[in-house]
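Each chain, written out:
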Amino acid sequence: MASVLRLGVWLISFIVAAGSVAAKPFIPADDAQVLERLPEKTNPSLAELKRLRSTLAKNPHDLALAAKLARRAIEAARETGDPRFFGQAQAALAPWWNSPEPPPAALLLRATLKQSTHDFAGALADLDKLIAARPGDGQALLTRATVLTVQGRYAEARADCTRIARRAVPLVSAACEAAPASLSGDAEQAYRSLIDALARAPGVDAGLREWALTLAGEIAQRRGDAASAEAHFREALALDPRDPYLLATYADFLLDRNRAADVVPLIKDATKNDNLLLRLALAAQRLPQMRAAFETYRADLAARFDAARRRGDSLHQREEARFTLAIVGDAGAALKLARENWKAQKEPADLRILLEAAVAANDTATLKQASEWAAANRLQDASLLPLMGKRS
Amino acid sequence: MKRLVALVLFCIAAVAWAHKPSDSYLTLERNDAAIRGQWDIALRDLDNALGLDANGDGEITWGEVRARHADIIAYALARLEVAAGGTACPLRVDEQLIDQHSDGAYAVLKLAGVCPQPGPALAVGYRLFFDLDPMHRGLLQYVEAGHNHSVIFSAEASAQTLGTGTAWDQLAAYVHEGVWHIWLGFDHILFLLSLLLPAVLLRRGGSWQPAASFRAAFIDVAKIVTAFTIAHSITLSLAALGLVALPSRWIESAIALSVVLAAINNVFPVVSHGRWLAAFGFGLIHGFGFASALKDLGLPTGSLALSLFGFNVGVELGQLAIVCAFLPLAFALRATWAYRRVVLAGGSVLIAAIAGVWLVERAFDLRLITG
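Note that the coordinates shown come from a computational prediction; the quantities given were computed from them, not determined experimentally.

**Student:** Tell me about the overall build of chain A, and please be specific about residues and values.
**Tutor:** A count of helical and extended segments in chain A gives 22 helices and 1 strand. Here the C-alpha atoms of chain A give a radius of gyration of 22 Å, agreeing with the 21 Å that 2.2 N^0.38 yields for 392 residues. Dimensions of chain A, computed from C-alpha atoms along their principal axes, come out at roughly 60 × 55 × 40 Å. Looking at the 392 residues of chain A, the share that counts as buried comes to 48%. Pairs at least 24 apart in sequence give 47% of the contacts found in chain A among residues at least 6 apart.

What follows is the structure in structure tokens.
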């Protein structure tokens, strides 16, 4: 009963917010009216980023300071999902951004930022250069393993993880290996090693533990072990209840289990984050009491995808394909987006939306292609099996 | 710390770009000389650049924005340049409002301005926030003659030239500019006249004789005009597409010299039968001159080839009009003493004198008699 009441209260607040979205330009009546809440309001550590930027502005060629700022900004982007911080990181690296031979610190950060705009080729070129100069650079190897995994190049990713095994904390190397290994036929062994490493490192940094637990939850989920997956996600959430990646992953897990009502309280305040807003919309779609809120979410998402298209971005194709398929209901358009997205990245979620769209659009050729890719990589993912089973 | 950084970098792939990135929304509408527009800029981005949050409480109030209106205008207008016909169209902000977009509150600047120089295209330079956030984009909606163009400004593409209306309007506008350019460009007309004056005559045994038939005169004229056209079309295209660039002082001086030489050749003939060759050679130089005029007009990014073609066609039409006016008249007068002595000899001396002054002015960057 209490939860229904709570639902009602913020439902009203959404209807109020929705009314202001379509408003015309206006002159506020009152000087005290709050127009915008800055992210540092809820995350005071971002104020430090502002201070760093004004210090760097006085001496823009100070590499140590620029690298510190860029790292802090990338961290802020990770925490908030807000690409403005990636832009600030790039601005800090401006003196080295177009340089053919930047110093190693700038090169690593530049590769990370290129990856954030899906310039995977550019990121790999920078990382190759960095690793050629410093073969033992653990961070560079780890970053390259991540980019390679996103691209579905698992063997190369695993080779990089093997190279850092001697240099990194055991949990880092176990997680590095577990991500590509679990997607290329060794899910069970990868999962065991990761759980072992987690058990043997109880005092490890909370952020690292949270991330390893999220990964463990994802692997358990793909293996069809929902109970373990949920336990890992919950333990991770206890360590960082606001990590947008974890929230999106857990929300997807709940949506797959028809637990839409559990999704809502988890992410109801994260409407500025497109990925989380999509999950919220998918949950609201299934809850009759949230009809009005659903319409608002749908309109907001459509506006944001439209805005992204207007600026020429193709960074949201996975989410847009999902939105187009599940909410707009246009299988043909969703398939087009999912195929474009598949060219750039090959994570299980990318394969899943490709398969779902292909099934809905009745495109047997794409279905066959995607299923063959999964078979060739020995990808184990319980959620994909029913989709691939529909192959005719 | 090192471990933490590794973690951050490791996780990044999964979380990128979940928010709406930084964009501003610019609308510009041109109506003859008048420009009106609206520019929506996120308060978050303005705070980032100017520090709107005066009391540092993480909230931006209307009072805080209002107190900084002048700074916002100065900051924004210093990063937007609009020009037509090679001359800036200064913009002002008439009103500042607030609007809610899907990702937060935006300052709304109502823009107005006047373009002192007409022109078929509008050159827009946009530099807002690129230094603070290279991933920022400026999304322009440009309206002219009821037609809409969408343009995206980025750090890599911060200057763009916008055309008018439909492709057909665009073509017509550049044909018009081409015609006027040749009519108002006295150096081109004088060069052409210098080559055409003797076309109705024949050089025989050291003296000028009237051409026997209109057909012969017409063929001579056609050869000269065609050679000049082909030559200047080649260099106009090469220069307009940025494939060849020569210093404009050098080009302008060479054009003046070409006029001097063509005119003197009529008084002291060196070349008489192969004037079309001279037309071709010097036409290459005149083409660079046309290109610099076209550069001032601006070539719209979206319809560059079409506009270039239109301008070239305009130049040819303008030239053809001059020939059509000249040839019958000159042919009719060709046998008279006045034509040979006053028009050909006197006219050529006068042309050579004017062009000589241009040559000195342009080569030494002086102002003698002309503007």
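**Student:** Describe in detail the sheet that holds strand E9 (residues 137-144) of chain B, supporting the description with residues and values.
**Tutor:** Residue and element names in this part refer to chain B. Judged by pairing direction, the sheet is mixed, and its 6 strands sit side by side in the order E6-E7-E2-E1-E9-E10 without closing on themselves. Each having just a single partner strand, strand E6 (91-101) and strand E10 (147-153) make up the two edges of the open sheet. The mean angle between the axes of side-by-side strands here comes to 15°, regardless of whether they run parallel or antiparallel. The pairing of E6 with strand E7 (residues 104-114) spans 10 bridges and is antiparallel.

**Student:** Break down the pairing of E7 of chain B for me, with residues and values.
**Tutor:** Residues and elements named next belong to chain B. Note that strand E2 (residues 34-42) and E7 share 9 bridges and pair antiparallel. Note on E7: the bridge partner recorded for Ala34 is Val114. Between the antiparallel neighbours E6 and E7 lie 2 residues.

**Student:** Mind laying out the interface of chain A and chain B, listing which residues take part and the relevant values?
**Tutor:** Across the boundary between the two partners, chain A contributes 62 residues, which contact 51 residues of chain B. Looking at the side of chain A that touches chain B residue by residue, the classes come out as 26 nonpolar, 18 polar and 18 charged. Note that strand E1 (residues 34-37) of chain A and strand E3 (residues 59-61) of chain B share 3 bridges and pair antiparallel. The residue bridging Glu36 of chain A from the neighbouring strand is Ile60 of chain B, located in E3 of chain B.

**Student:** So what about the domain arrangement of chain B? Which residues, and what values?
**Tutor:** Residues and elements named next belong to chain B. Splitting chain B by domain gives domain 1 (19-165) and domain 2 (168-364). Each of domain 1 and domain 2 has a C-alpha centre, and the two are 44 Å apart. Between domain 1 and domain 2, the residue contacts involve 14 residues of the former and 14 residues of the latter. Looking at which element gives the most residues to the side of domain 1 that touches domain 2, the answer is strand E11 (residues 159-162), with 3 residues. A breakdown of the residues in the side of domain 1 that touches domain 2 according to their chemical character gives 5 nonpolar, 9 polar and no charged.

**Student:** Talk me through the pairing of E10 of chain B; I want residue IDs and the actual numbers.
**Tutor:** Residue and element names in this part refer to chain B. Here E9 pairs with E10 via 7 bridges, running antiparallel. Bridging across to E10, Gln141 finds its partner in Ser150. Hairpin connection, E9 to E10: the antiparallel pair is bridged by 2 residues, and Ala145 has positive phi, about 50°.

**Student:** I'd love a proper account of the sheet that holds strand E5 (residues 87-88) of chain B, names of residues and values included.
**Tutor:** Residues and elements named next belong to chain B. Read from one edge of the open sheet, 4 strands run E5-E4-E8-E11, paired in antiparallel fashion. Of all the strands in the sheet, the pair left with one neighbour each is E5 and E11. By the bridge criterion, 5 bridges tie strand E4 (residues 80-84) to strand E8 (residues 122-126) in an arrangement that is antiparallel. Among the inter-strand pairings, Ala83 is bridged to a residue of E8, identified as Ala123.

**Student:** Pulling in residues and values, what's your account of helix H13 (residues 226-239) of chain A?
**Tutor:** Residue and element names in this part refer to chain A. A rise of 1.5 Å per residue sets the reference length of H13, with its 14 residues, at 20 Å; its end C-alpha atoms lie 20 Å apart and thus fit the reference within 8%. Every buried residue of H13 is listed here: Ala229, His232, Phe233 and Ala236. The buried residues of H13 occupy an angular sector of 95° when projected down its axis, which confines them to one face. Exposed and oriented more than 90 degrees from the buried face of H13 are Ala227, Arg234 and Ala238. Structurally, H13 contributes buried residues whose contacts are with helix H12 (206-222) and helix H14 (244-256).

Cut-off values and rules
Residues numbered from 1 in each chain as written. Chains lettered and ligands numbered in written order. Predicted model: local features only at pLDDT ≥ 70, side-chain atom pairs only at ≥ 80, totals over all residues. Helix = DSSP H or I, 4+ residues; strand = E, 2+ residues; numbered from the N terminus. Rg over C-alpha atoms; globule rule 2.2 N^0.38 Å. Buried ≥ 20, exposed ≤ 12 C-beta atoms within 10 Å, placed from the backbone. Contact = placed C-beta atoms within 7 Å. Pairing = 2+ DSSP bridges. Axes fitted to C-alpha atoms, helices over the stretch in contact; angles between N-to-C directions. Nonpolar A, V, L, I, M, F, W, Y, C, P; charged D, E, K, R; others polar. Domains from an automatic or database assignment. Expected span 1.5 Å × (residues − 1). Arc of directions from axis to C-beta.

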